[in-house]
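For reference, the chains in residue letters:
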Amino acid sequence: MTATLTDRPPRVERLAALLRVPVRNALAERADAIRRSLPPRPLDARARLIWLRALDQDQARRAALLDRLDALCAHVCGRPALGYEPGDLLPAAALEEADGFTDSATALIVADYRACRAVSAG
């Protein structure tokens, strides 16, 4: 029998609660930095397609990362993103994208969270 997302141990839940804000902040800060480095992104779908086609290769790569960071940030905030389990408010992808963009204390909590989550899933 495997553990589901709803029957995680209390320690995993406590660590996840501690990590949500710093992970969200790291994702949002990265997204904002990328957003500032790109030409303004239109909201209209047709204009956005034209915008995407006008980007060079590096800008297109950063735009794709921006979309990923925005989706992960929304997911961590409780607005489920496609491709991530709705009940998992702290997916591994969010932790990976926040790696290196948090302080050392948060990095230690992330390591503890990953270890506890691996044990509970195992």
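Heads up: the structure comes first, above all this text.
Residues numbered from 1 in each chain as written. Predicted model: local features only at pLDDT ≥ 70, side-chain atom pairs only at ≥ 80, totals over all residues. Heavy atoms only, no water.

*Asks:* Just to check I follow, could you spell out the overall build of the protein for this structure?
*Replies:* Within the protein, the secondary structure is distributed over five helices and zero strands. Listing every helix and strand of the protein by position from the N terminus yields α-α-α-α-α. Looking at the protein residue by residue over its 122 residues, the buried ones come to 33%. Here the analysis covers contacts within the protein between residues at least 6 apart in sequence; of these, 64% occur between residues at least 24 apart. Of the roughly 7500 Å² that the protein leaves accessible, carbon and sulfur atoms contribute 59%. Each charge class in the protein was averaged separately, 18 positive and 16 negative side chains, and the resulting centres sit 3 Å apart. (Helix = DSSP H or I, 4+ residues; strand = E, 2+ residues; numbered from the N terminus. Buried < 20%, exposed > 50% of the residue type's maximum accessible area, 1.4 Å probe, protein only. Contact = heavy atoms within 4.5 Å. Areas by Shrake-Rupley, 256 points an atom, 1.4 Å probe, with all protein chains shown as cover. Lys, Arg positive; Asp, Glu negative; His and termini not counted. Charge placed at Lys NZ, Arg CZ, Asp CG, Glu CD.)

*Asks:* How do you make sense of the side chain of H75 when you look at a structure like this?
*Replies:* Take H75: it is sitting in helix 3 (residues 57–76). Classification of H75 by relative accessible area gives buried; the value is 0%. Of note is the side chain of H75, whose polar atom sits 2.9 Å from the backbone nitrogen of A81. Among all residues touching H75, those that are not within four sequence positions of it are P80, A81, Y84, E85, P86, D88, L89 and P91. (Polar contact = N/O pair within 3.5 Å; in protein donor to acceptor, adjacent residues only side chain to side chain.)

*Asks:* Can you walk me through the pattern of salt bridges in this structure?
*Replies:* Should the charged atoms of two oppositely charged side chains come close, the side chains can pair. Tallying each qualifying case throughout the model produces twelve salt bridges. For D70, the salt bridge goes to R35, with nearest N and O atoms at 2.7 Å. One end of the pair, D70, is in helix 3; the other, R35, is in helix 1 (residues 10–37), and 35 residues separate them in sequence. For D70, a relative accessible area of 25% translates into the label partly exposed. D88 is the salt-bridge partner of R117, the closest N and O atoms lying 2.6 Å from each other. Here D88 lies in the loop between helix 3 and helix 4 (92–98) and R117 lies in helix 5 (residues 104–121), a separation of 29 residues in the sequence. With relative accessibility at 7%, the residue D88 sits in the buried group. Salt bridges sharing partners connect three or more residues here, namely D32, R35, R41, R48, D67 and D70. (Salt bridge = Lys/Arg side-chain N within 4 Å of Asp/Glu carboxyl O.)

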